[in-house]
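A closer look at the structure
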Amino acid sequence: MSATSRFFRHGRRLAAIAGLALTLSPGAWAMSDAVAGGVHELQSRWARIQYRTPEGKRVDGFDQLYRRAETLIDEHPGAAELYVWAGIIRSSEAGAKGGLGALSLVKEARKDLEKALSLDGTALDGSAYTSLGALYYQVPGWPIGFGDDDKARAMLQKGLSLNPDGIDPLYFWGDYLHDQGHDAEARQALEKALKAAPRPGREVADQGRRQQIHELLGKLD
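Before going into details, it helps to say that this report is about the structure given with it.

Cut-off values and rules
Residues numbered from 1 in each chain as written. Predicted model: local features only at pLDDT ≥ 70, side-chain atom pairs only at ≥ 80, totals over all residues. Heavy atoms only, no water. Helix = DSSP H or I, 4+ residues; strand = E, 2+ residues; numbered from the N terminus. Buried < 20%, exposed > 50% of the residue type's maximum accessible area, 1.4 Å probe, protein only. Contact = heavy atoms within 4.5 Å. Expected span 1.5 Å × (residues − 1). Axes fitted to C-alpha atoms, helices over the stretch in contact; angles between N-to-C directions. Parallel < 35°, antiparallel > 145°, perpendicular 65-115°, else oblique. Left-handed = near helix turned anticlockwise from the far one by under 90°. Arc of directions from axis to C-beta. Salt bridge = Lys/Arg side-chain N within 4 Å of Asp/Glu carboxyl O. Phe/Tyr/Trp six-rings, centres within 6.5 Å; stacked < 30°, edge-to-face > 60°. Lys NZ or Arg CZ within 6 Å of the ring centre and 35° of its normal.

All right, on to the overall build of the protein chain then. Counting secondary structure elements, the protein chain contains eleven helices and zero strands. The secondary structure elements of the protein chain, listed N-terminal to C-terminal, are α-α-α-α-α-α-α-α-α-α-α. Counting across all 221 residues of the protein chain, residues that qualify as buried make up 54%. Partitioning the intrachain contacts of the protein chain with sequence separation of at least 6 by distance along the chain shows that 69% fall at a separation of at least 24.

See the structure below:
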């Protein structure tokens, strides 16, 4: 399978990267009220776009939400949590757009996520690591894109080490394992993901993620 066709195949999964920022961990309480409020706004609006908005309107919806994330970053330039969400939203826009035209968007997403790591890699339970890992195995490799399966594995495992029972890092780890042809291990990760504790205030995102997990389980050997 060519790198280009692989990118098209992964388009819908790329759109699902968002939602990685979980309910606030104890360390997240160090966020100011303004930053926490901004994170909650971005989370909630993303869920409505991803799961309650017609496909044809999602690209514009995500683009507008990214502009809002940029405004929040301008107001709080040291907040890793906002950079995490900027990267997640841009990744989702790329997935909604699909095709080679989305490559510039995933490059912007990678830049935001790397900035988040430079500020605080543990922010939002390591969501930047999981998000970057998902990008690395879903984006084409050189010379088209920056995809790298080895980097993907390292990033996803780091995200899991910071949030070993989270529904999102377990889902993307399972998806990566399936992508690599390791369906038995993928099934273990996905079944564990289904046992993840519900996230208060994230009901729409949880429902959508569980549906994706069931769909992926149906594709395993």
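There is more to say after this.
An α-helical segment advances 3.6 residues per turn. Residues three or four places apart therefore align on the same side. Over its 13 residues, helix α9 (residues 167–179) extends 18 Å from the first C-alpha to the last, a length consistent with the 18 Å expected when each residue adds 1.5 Å. Among the residues making up α9, those that are buried are Ile-167, Asp-168, Pro-169, Leu-170, Tyr-171, Phe-172, Trp-173, Gly-174, Asp-175, Tyr-176, Leu-177 and Asp-179. Positive phi shows up at Gly-181, right after α9, with a value of about 90 degrees.

Moving on, we get to the packing of α9 against helix α10 (residues 183–193). At a minimum axis separation of 8 Å, α9 and α10 run at an interaxial angle of 165 degrees. Regarding the angle of α9 to α10, the classification is roughly antiparallel. Where α9 crosses over α10, the handedness of that crossing is left-handed. Only Asp-183, Glu-185, Ala-186, Ala-189, Leu-190, Lys-192 and Ala-193 of α10 make contact with α9, whose side of the interface consists of Ile-167, Leu-170, Tyr-171, Trp-173, Gly-174, Leu-177 and His-178.

Further remarks concern α10. Asp-183, Ala-186, Ala-189, Leu-190 and Ala-193 are the residues of α10 that are buried. In a view along the axis of α10, the buried residues occupy a sector of 120 degrees, so they form one face of it. Pointing more than 90 degrees away from the buried face of α10 are the exposed residues Ala-184 and Gln-188. Where the residues of α10 are buried, they touch α9 and α11 (203–217).

Residue Pro-143 is reached from Trp-142 by a cis peptide bond, and omega for that bond is 10 degrees. As for its position among the elements, Pro-143 is in the loop between α7 (123–138) and α8 (149–162). In this structure, Leu-124 is a non-glycine residue whose phi angle is positive, near 50 degrees. With respect to the helices, strands and loops of the structure, Leu-124 is situated in helix α7. On the accessibility criterion, Leu-124 (4% relative accessible area) is buried.

To continue, consider the pattern of salt bridges. Oppositely charged side chains are able to pair whenever their charged atoms sit close together. For the coordinates displayed, the defined rule picks out eleven salt bridges. In this structure, Glu-41 engages Arg-45 in a salt bridge whose closest nitrogen and oxygen atoms are separated by 3.3 Å. Placement of the pair is Glu-41 and Arg-45 together in helix α3 (residues 33–52), with a separation of four residues, close to one helical turn. Arg-45 sits in the partly exposed class, given a relative accessible area of 25%. Close ionic contact of Arg-199 with Asp-168 constitutes a salt bridge, the shortest N to O distance being 2.6 Å. Separated by 31 residues along the polypeptide, Arg-199 in the loop between α10 and α11 and Asp-168 in helix α9 bring together distant segments of the chain. Across this residue pair, the class does not change: Arg-199 and Asp-168 are buried. Salt bridges sharing partners connect three or more residues here, namely Asp-63, Arg-67, Glu-70, Arg-90, Glu-93 and Glu-108.

Bringing the packing of aromatic side chains into the picture now. On inspection of all chains with the given rule, the structure shows six aromatic pairs. Here the aromatic rings of Trp-46 and Trp-85 are separated by 6.4 Å at their centres, their planes lie at 55 degrees, and the arrangement is tilted. With Trp-46 in helix α3 and Trp-85 in helix α5 (residues 80–97), this pair connects stretches of sequence that are 39 residues apart. Like Trp-46, the residue Trp-85 is buried in the burial classification. With a centroid separation of 5.6 Å and 15 degrees between ring planes, the pair formed by Trp-173 and Tyr-176 is classed as stacked. With a gap of three residues between them, Trp-173 and Tyr-176 both fall in helix α9, about one helical turn apart. Overall, Trp-173 belongs to the buried group, its relative accessible area being 13%. What makes Tyr-176 buried here is its relative accessible area of 2%. Each residue in the set Trp-46, Tyr-51 and Trp-85 is aromatic and connected to the rest through ring pairs, giving one cluster. One residue, Arg-110, lies across the ring of Phe-146, its end atom 4.2 Å from the ring centre.

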